[in-house]
Amino acid sequence: MTMDVPATSIVDAGVVGASAEISAIVMRDLSWHVDESPEKETNIDLQMNWQIEHVRYAPTGLVYRVWADLSGATTEKPVFNCRIAHEAFFEVPADAIFSEEQMQAFGGLSVFPVIFPYVREALARLTIGGGLPPIFLAPLKLPFHSTLLAAVAETQEETESTLQPD
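Residues numbered from 1 in each chain as written. Predicted model: local features only at pLDDT ≥ 70, side-chain atom pairs only at ≥ 80, totals over all residues. Heavy atoms only, no water.

Draft legend 1. Layout of the packing of aromatic side chains. Counted under the stated rule, the structure contains seven aromatic pairs. Where F90 meets F106, the ring centres are 5.1 Å apart and the plane angle is 80°; that geometry is what we call edge-to-face. Remark: F106 occurs in helix α2 (residues 100–129) and F90 occurs in strand β4 (residues 78–91); sequence separation between them is 16 residues. Residue F90 is classed as buried on the basis of its relative accessible area, which comes to 5%. Using a relative accessible area of 4% as the deciding quantity, one classes F106 as buried. An aromatic cluster is defined as three or more aromatic residues linked by ring pairs; in this entry it consists of W50, F112 and F116. (Phe/Tyr/Trp six-rings, centres within 6.5 Å; stacked < 30°, edge-to-face > 60°. Helix = DSSP H or I, 4+ residues; strand = E, 2+ residues; numbered from the N terminus. Buried < 20%, exposed > 50% of the residue type's maximum accessible area, 1.4 Å probe, protein only.)

Dropping the structure here:
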């Protein structure tokens, strides 16, 4: 998974992330449809689509909703469709003020890695409980550390260059 994220987005996300603390993750919606259980040794191709939405900004908290639409099919036919929605609640100090860009950047960069393990677990339990071969999504491998350091350095250089007299 390669992410091409502008440095300003990473810094914006960091402004929120520096003061946000996860307080709860809740599964809000789950729909599941199995067309027909394939043979145990059948390969299932998995398609995933993700959507992250900033739902609410209250004086002491941020709420994000993440939808995961997943579908599985064999070469012959569809096997299942699944839609899972989770909400993540983050506490922030009452005096914290964030711009819309900062909250969107935080949602896009920081919320997904927090929610992903819960979606991963829900899908594994659903497929096993639904009589399908188990589907285990691979853990995320996010290169944020080096990306973040490079982005912060780039932003600092841009800021310093704009402050220098000509």
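Draft legend 2. Geometry of the sheet that holds β4. Taking strand neighbours across the sheet as the criterion, the four strands line up as β1-β4-β3-β2 in an open arrangement whose pairing is antiparallel. The sheet is open, and its two borders are formed by β1 (21–34) and β2 (45–58), each paired with just one other strand. Direction aside, the axes of adjacent strands within the sheet are offset by 15° on average. With twelve bridges joining them, β1 and β4 adopt antiparallel strand pairing. Counted as the bridge partner of A24 is F89 from β4. Where α2 meets the sheet, it contacts β1, β2, β3 (61–73) and β4, and its direction lies at approximately 135° from that of β4. (Pairing = 2+ DSSP bridges. Axes fitted to C-alpha atoms, helices over the stretch in contact; angles between N-to-C directions. Contact = heavy atoms within 4.5 Å.)

Draft legend 3. Looking closely at the environment of D95. Along the polypeptide, D95 turns up in the loop between β4 and α2. C-alpha of D95 to C-alpha of P59: the two residues are 36 residues apart in sequence and 7.6 Å apart in space.

Draft legend 4. View of the side chain of H86. For H86, the location among the structural elements is in strand β4. Judged by relative accessible area, which is 3%, H86 ranks as buried. Sequence-distant contacts of H86, defined by excluding residues within four places in its chain, comprise I25, V26, M27, R28, Y64, R65, V66, I115, Y118 and V119.

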